[in-house]
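If you want the building blocks of each chain, they are given just below.
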Amino acid sequence: MAKAIEIKSKGVMCDNPACDFLDPNMDMPSGVEGLRAFIGTPCPKCGASLLTKEDFDSMVFMFGLAQIVNDTIGSLPEDALPESERMTIPVIMDGTGSVVINLSGATKHE
Ligand SMILES: [Zn+2]
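Residues numbered from 1 in each chain as written. Predicted model: local features only at pLDDT ≥ 70, side-chain atom pairs only at ≥ 80, totals over all residues.

### Digging into the overall build of the protein
1) Next: Along the protein, the regular secondary structure elements total 2 helices and 6 strands.
2) Next: When the helices and strands of the protein are read in sequence order from the N terminus, they spell out β-β-α-α-β-β-β-β.
3) Next: Referenced to the eigenvectors of the C-alpha coordinate spread, the extents of the protein come out at roughly 45 × 30 × 20 Å. (Helix = DSSP H or I, 4+ residues; strand = E, 2+ residues; numbered from the N terminus.)

### Focus on the environment of A106
1) Next: Along the chain, A106 turns up in the loop between strand 5 (99-101) and strand 6 (107-108).
2) Next: Distance from A106 to G47, taken between C-alpha atoms, is 31 Å for residues 59 residues apart in sequence.

### Structural notes on the confidence of the model for the protein
1) Next: Confidence in the prediction of the protein, expressed as mean pLDDT, is 90, and 100% of residues score 70 or more.
2) Next: Mean pLDDT values over the elements of the protein span from 87, in strand 4 (residues 91-93), up to 94, in helix 2 (residues 53-73). (pLDDT = per-residue confidence, 0-100.)

### Considering helix 2
What sets the pattern is the α-helix's 3.6 residues per turn: residues three or four places apart point alike.
1) Next: End to end, helix 2 covers 30 Å across 21 residues, agreeing with the expected 30 Å (1.5 Å per residue, within 8%).
2) Next: Once helix 2 finishes, G74 follows within two positions and takes phi at roughly 85 degrees, a positive value. (Expected span 1.5 Å × (residues − 1).)

### Notes on the environment of S58
1) Next: Here S58 shows up in helix 2.
2) Next: In this structure S58 comes out as partly exposed when scored by C-beta crowding, with 17 C-beta atoms within 10 Å.
3) Next: Taking the C-alpha atoms as reference points, S58 and M28, 30 residues apart in sequence, are found 15 Å from one another.
4) Next: Other than its neighbours up to four places away in sequence, S58 contacts M93, G97 and V99. (Buried ≥ 20, exposed ≤ 12 C-beta atoms within 10 Å, placed from the backbone. Contact = placed C-beta atoms within 7 Å.)

### Overview of the environment of D79
1) Next: Along the chain, D79 turns up in the loop between helix 2 and strand 3 (87-88).
2) Next: Separated by 22 residues in sequence, D79 and I101 have C-alpha atoms that sit 27 Å apart.

This is how it looks when you write it as structure tokens:
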């Protein structure tokens, strides 16, 4: 069954503005407990935290919102949402707990 909203953590970047560490292939752990264990993981380049407690709390909040929407809509048949109808919307976090939903960076799937 398909979900209306899926949250995927793709790539990791350092929140330190003086650091340019970005690894698009390094995925954060999935699930709340995996992410909780990732809090404070040091950046391999500068040592700053790659996930702060503030951003973790915001992620848990986003998971909760997605769950409310998905529970309200209910499970959808896999063919109810063809790839051509799906969009990926980047969400940018900076370690402060603030969440920027980058609608201008949204891409429609082919
Ligand atoms: Zn860094």
